[in-house]
Amino acid sequence: MSETTILNYELGYMPIAYDKAKRLAKALEIDEKLLFDDYCRFLDYPFQLRCKELRSELGLTYGTWECAAVRPGREPFQKFAAFITSQGKEVV
C-alpha cells in the first residue's frame, strides 16, 4: 500500500474498502472497527442478517443481499442507507 493511499485514507479523501480495512487493522494490530465507515460496519454486521431484519420491519420484498449471493457495492449501499434512514430506521 502506497504512502499516498494511506494519506488519502487518513484525510478522508478515499474510503477504505472493507477487505483492505481488515488487512490494514491486522497489520497495525488494532481493532478493525476503528477503520470502518458505515458501509464497512454494514458488511461486518453481517449485512445478510441486517437486510433480513429490515425487510421484516419495513415489509420489503426479499433481495439478493439477504441470501449473501452478492455483496453490495458502496454506491448501492448508500442508496439503500438513504432509503432506510428516510424510513426512520438505522442501517447498522
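Residues numbered from 1 in each chain as written. Predicted model: local features only at pLDDT ≥ 70, side-chain atom pairs only at ≥ 80, totals over all residues. Heavy atoms only, no water.

1. What about the UniProt feature "domain: HTH cro/C1-type" (unreviewed entry) in the protein?
- UniProt records the feature "domain: HTH cro/C1-type" (unreviewed entry) at residues 1-35, using the numbering of this structure.
- The span residues 1-35 shows a helical share of 57% and a strand share of 0%, and its end C-alpha atoms are spaced 15 Å apart. (UniProt positions renumbered as here; feature names shortened; annotations may be inferred. Helix = DSSP H or I, 4+ residues; strand = E, 2+ residues; numbered from the N terminus.)

2. Observations concerning the packing of helix H4 (residues 47-58) against helix H5 (residues 74-86)
- The N-to-C vectors of H4 and H5 enclose an angle of 40°; their axes lie 12 Å apart at closest approach. The handedness of the crossing between H4 and H5 is left-handed. Between H4, through Cys51, Leu54 and Leu58, and H5, the contact on the second element is made entirely by Phe80, Phe83 and Ile84.
- Split by residue class, the contact of H4 with H5 holds six nonpolar, no polar and no charged. (Axes fitted to C-alpha atoms, helices over the stretch in contact; angles between N-to-C directions. Left-handed = near helix turned anticlockwise from the far one by under 90°. Contact = heavy atoms within 4.5 Å. Nonpolar A, V, L, I, M, F, W, Y, C, P; charged D, E, K, R; others polar.)

3. Let's talk about the pattern of salt bridges
- Applying the stated criterion across every chain, the model contains 10 salt bridges.
- As a salt-bridge pair, arginine 71 and aspartate 19 come within 3.1 Å of each other at their nearest N and O atoms. In this pair, arginine 71 is assigned in the loop between H4 and H5 and aspartate 19 in helix H2 (residues 18-28), connecting sequence segments 52 residues apart.
- Take aspartate 19: its relative accessible area is 35%, and that puts it in the partly exposed class.
- The closest approach of N and O atoms between arginine 74 and aspartate 37, which form a salt bridge, is 2.5 Å. Taken together, the residues arginine 74 in helix H5 and aspartate 37 in the loop between H2 and helix H3 (38-44) connect sequence positions 37 residues apart.
- By relative accessible area, arginine 74 is classed as partly exposed at 21%.
- In this structure, a network of salt bridges that share partners links the residues Lys22, Glu32, Lys33 and Asp44. (Salt bridge = Lys/Arg side-chain N within 4 Å of Asp/Glu carboxyl O. Buried < 20%, exposed > 50% of the residue type's maximum accessible area, 1.4 Å probe, protein only.)

4. Thoughts on the packing of aromatic side chains
- Under the definition given, this model contains seven aromatic pairs.
- Centre to centre, the rings of phenylalanine 42 and phenylalanine 47 are 6.1 Å apart; their planes meet at 40°, and the pair counts as tilted. Accessibility classification places phenylalanine 42 together with phenylalanine 47 in one group, the buried group.
- When the centroid spacing of 5.8 Å and the interplanar angle of 45° are considered together, the rings of phenylalanine 42 and phenylalanine 80 count as tilted. On the criterion of sequence distance, the pair formed by phenylalanine 42 in helix H3 and phenylalanine 80 in helix H5 is long-range, its members being 38 residues apart. Like phenylalanine 42, the residue phenylalanine 80 is buried in the burial classification. (Phe/Tyr/Trp six-rings, centres within 6.5 Å; stacked < 30°, edge-to-face > 60°.)

5. Some thoughts on a nonpolar patch on the surface
- Together, Leu7, Leu11, Tyr13 and Met14 make up an exposed nonpolar region whose accessible area comes to about 420 Å².
- Mapped onto the fold, methionine 14 is located in the loop between helix H1 (3-11) and H2. (Patch = residues over 30% accessible without salt bridge, like charges linked within 9 Å, V, L, I, M, F, W, Y side chains within 5 Å. Areas by Shrake-Rupley, 256 points an atom, 1.4 Å probe, with all protein chains shown as cover.)

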